[in-house]
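A closer look at the structure
Letter by letter, the chains look like this.
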Amino acid sequence: MLPGSSTPEPGLTKKGKKRGRPPKSETGESAAKRRDTKNAAGAATATGAKKGIKRTKEEVRLYCTCKQPFVSPRYMLPCEGCQEWYHGECVGLDRTRGEWLDLYYCAKCTSAVMHTTCAKSQLNLQVDRDDQARLQAMRRERDAIRDRVAVVERRKAFLSVVMERLSDVDTKKECRFDSRLVCPSQTWRVVRSASLDESAEGGVRLDFSVDDKEAIPASLTKYTICPKLGKCLRHEGWQQLKALEIEQDRTMEIAALARLNRERQHIKARMRLRRQNASAKSQAFMENGTIVHNAS
């Protein structure tokens, strides 16, 4: 039920909390004082005393912001925070609204609760911003990894064409190592594809994605083919070694991409859970019909 309405919403049930008057928690000492007060009051009446017996603050507990005792039938209700009791008329609640109210916080406790809630909200907001920044950084990392994977794929395709060219060559008698196989990975960014071409040195031609020849690394245009006949100690087993090297590079990049995707899913799930919790708390706050005091 929202503040300002005395009619409960459909589907709501009365809360089981005891309200209407403060609990009777009288100790033996306070009971004895009460009996002494009654006796003294009777004696004073018998003697015709005009003053009577005044109750002290220790004998009569004062409640609410008005600092008045409980007097039936005035309606009272407790604060869920400090457990102090307040007169309904002093806090703007009648008996009907109070009976349907789930939680009530006084102005002082409301200020403390809102301060704590705001602090938690600020913390969640900062964590959310950190997660957003991490996701942006991960997108850049993902693009860089995909670019490196594409470079590895170009190197692998080039090696496949070279091996196809050497299919009719006995590499035990002729080395035919292509120096372009040892070019740095960044130089392969300008390569579009590789194809067989008898007119090209070594029989393999590279096509580039840029028209500016100055942007093409010299190591890809000024290359050499090892002419050594017989066993070449310098490039021995180069076909298997280069194939293994390229496959290892590809496996490492794919693993890095998978690890990045798992972290991304974890961060998104954490953000989603944090927002669901915040939404659930807000919904529960509204459903409970908690009274929030406006600062005046």
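Below, the structure is looked at part by part. (Residues numbered from 1 in each chain as written. Predicted model: local features only at pLDDT ≥ 70, side-chain atom pairs only at ≥ 80, totals over all residues. Heavy atoms only, no water.)

Turning our eyes to something else, we now look at the overall build of the protein. For the protein, the count of helices and strands is six helices and four strands. Looking at the protein as a whole, 30% of its 296 residues qualify as buried. Sequence separation of at least 24 residues holds for 66% of the intrachain contacts in the protein that already meet a minimum separation of 6. Accessible area of the protein: about 20,000 Å², with a carbon and sulfur share of 53%. (Helix = DSSP H or I, 4+ residues; strand = E, 2+ residues; numbered from the N terminus. Buried < 20%, exposed > 50% of the residue type's maximum accessible area, 1.4 Å probe, protein only. Contact = heavy atoms within 4.5 Å. Areas by Shrake-Rupley, 256 points an atom, 1.4 Å probe, with all protein chains shown as cover.)

This brings us to a positive patch on the surface. A cluster of like positive charges, contributed by Arg139, Arg140, Arg146, Arg264, Lys268 and Arg272, occupies part of the molecular surface. Elements with a minimum of two residues in the positive patch: helix H4 (107–165) and helix H6 (238–287). Structurally, the position occupied by Lys268 is in helix H6. (Patch = residues over 30% accessible without salt bridge, like charges linked within 9 Å, V, L, I, M, F, W, Y side chains within 5 Å. Salt bridge = Lys/Arg side-chain N within 4 Å of Asp/Glu carboxyl O. Lys, Arg positive; Asp, Glu negative; His and termini not counted. Charge placed at Lys NZ, Arg CZ, Asp CG, Glu CD.)

Moving on, we come to the pairing of strand E4 (residues 204–208). What you see with E4 is a clean split: Val204, Leu206 and Phe208 sit on the buried side and Arg205 and Asp207 on the side with no burial. As judged from the five bridges shared by strand E3 (residues 191–196) and E4, these two strands associate in the antiparallel manner. In the sheet register, Val191 faces E4, and the bridge partner there is Phe208. (Pairing = 2+ DSSP bridges.)

The next thing to look at is unusual backbone geometry. Excluding glycine, residues mostly have negative phi values, and the peptide bonds linking residues are mostly trans. You will see that Cys64, though not glycine, has its phi angle at about 65 degrees, which is positive. Position of Cys64 relative to the elements: it lies in the loop between helix H1 (28–46) and strand E1 (76–78). What makes Cys64 buried here is its relative accessible area of 7%. Not every positive phi belongs to a glycine, and Lys67 is a case in point at roughly 55 degrees. Assignment of secondary structure puts Lys67 in the loop between H1 and E1.

Now for the nonpolar core. Formed by 23 residues in total, the largest nonpolar core has its most connected members in Phe158, Trp188, Leu206, Phe208, Leu220 and Trp238. Counting only elements with at least two residues in this core, the list comes to H4, E4 and H6. Considering every element that reaches this core, the biggest residue donor is H4, with six residues. Excluding residues within four positions of it along the chain, Trp188 makes contact with Val151, Arg154, Arg155, Phe158, Arg180, Cys183, Leu206 and Leu220. (Core = buried A, V, L, I, M, F, W, Y, C linked by side-chain atoms within 4.5 Å.)

The next thing to look at is the packing of aromatic side chains. Given two aromatic rings, their pairing is described by the distance between the two centres and the angle made by the two planes. Applying the stated criterion across every chain, the model contains two aromatic pairs. Summarising the aromatic geometry, the rings of Phe158 and Trp188 are spaced 5.2 Å apart at their centres and angled 55 degrees between planes, so their arrangement reads as tilted. Taken together, the residues Phe158 in helix H4 and Trp188 in the loop between H4 and E3 connect sequence positions 30 residues apart. Across the pair, exposure class does not vary: Phe158 and Trp188 are buried alike. Positioned above the aromatic ring of Tyr223 is the side chain of Arg180, whose terminal nitrogen or guanidinium carbon lies 3.5 Å from the ring centre. (Phe/Tyr/Trp six-rings, centres within 6.5 Å; stacked < 30°, edge-to-face > 60°. Lys NZ or Arg CZ within 6 Å of the ring centre and 35° of its normal.)

Inspection of the secondary structure puts Leu260 in helix H6. Sequence-wise, Leu260 and Met138 are 122 residues apart; in three dimensions their C-alpha atoms are separated by 7.0 Å.

Scanning the model with the defined rule gives 18 salt bridges in all. The residue Asp178 makes a salt bridge to Arg180 at a minimum N-O spacing of 2.7 Å. In this structure, Asp178 and Arg180 share a single accessibility class: buried. A salt bridge links Asp197 to Arg205; the shortest N-O distance between them is 2.9 Å. Asp197 sits in the buried class, given a relative accessible area of 17%. The class of Arg205 is partly exposed, set by a relative accessible area of 32%. The structure contains a network of salt bridges with shared partners spanning Arg155, Lys242, Glu245 and Asp249.

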